[in-house]
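# Descriptive structure summary
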Amino acid sequence: MKTIAGFANNDGGTLVVGVDDDDNCVGLQLDYSTLRKQDRDGWELWMTGAVSEAMGKVAALLLKVRFVELENQDVAIVEVRPSQAGPVFATMPKGDQKQRFMVRVNNSTQELQGREADDYKKVRWPNLL
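Described in the following lines is the structure provided in the data block. (Residues numbered from 1 in each chain as written. Predicted model: local features only at pLDDT ≥ 70, side-chain atom pairs only at ≥ 80, totals over all residues. Heavy atoms only, no water.)

## Digging into the nonpolar core
The condition that has to hold: We define the nonpolar core as a collection of buried residues of types Ala, Val, Leu, Ile, Met, Phe, Trp, Tyr and Cys that are connected through side-chain atoms lying within 4.5 Å of one another. A simple rule labels every residue: compare its accessible area, found with a 1.4 Å probe on the protein chains alone, to the largest value its type can have, and call it buried under 20%, exposed over 50%, or partly exposed in between. For the purposes of this entry, the term helix denotes a DSSP run of H or I that reaches at least four residues, the term strand denotes a run of E that reaches at least two, and both are numbered from the N terminus.
Within the largest apolar cluster, 26 residues are counted, with the highest numbers of intra-cluster contacts made by W43, V51, M55 and V78. Of all the secondary-structure elements, those providing two or more residues to this core are α1 (2–8), α3 (40–55), α4 (57–60), β2 (63–70) and β3 (73–80). Residues V103, L112, A117 and W125 belong to the second largest nonpolar core, which totals five residues.

Written out as structure tokens, the structure is:
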């Protein structure tokens, strides 16, 4: 969730789910096994619901999910458009329920607080504040 929020609060980005950090295809089969509807549609419904719950329905509208088959396994490509409506705040699942303001800084996602967050918002959304 923090990566999706970070993408939305910057220039957008693409999240690949089903490939590990070493570029090995692990697929979505384990994810499917946890869902009521154990297929691509069920996974997309889960992702949409999770983002809606963590960031709101407007943030979920920023997502475009598509699937590709890689090494005979499903992989999800989640494209996140940048938020034009203002900051997106994320509540982490199973966390403290605090709304966090996340941004992408190069290849990492970081939380901004206080003055840093205020300064960033003024630059990113100058017409909204």
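The discussion continues.
## A short note on the pattern of salt bridges
For the record, the criterion: A pair is scored as a salt bridge if a Lys or Arg side-chain nitrogen falls within 4 Å of a carboxyl oxygen belonging to Asp or Glu.
Counting across every chain of the model gives six salt bridges. The partner of E111 in a salt bridge is R100, with the nearest N and O atoms 3.0 Å apart. Of this pair, E111 sits in strand β6 (residues 108–111) while R100 sits in strand β5 (residues 99–105); the two residues are eleven residues apart in sequence, bridging distant segments of the chain. Exposure remark for E111: the relative accessible area of 26% places this residue in the partly exposed category. We note a salt bridge from D119 to R115, for which the minimum N-O separation is 3.6 Å. Of the two residues, D119 and R115 are both situated in helix α5 (residues 114–124); the distance of four residues between them amounts to about one turn of the helix. When its relative accessible area of 35% is taken as the criterion, D119 is described as partly exposed. The class of R115 is exposed, set by a relative accessible area of 67%. Taken together, the shared-partner salt bridges connect K98, R100 and E111 into one network.

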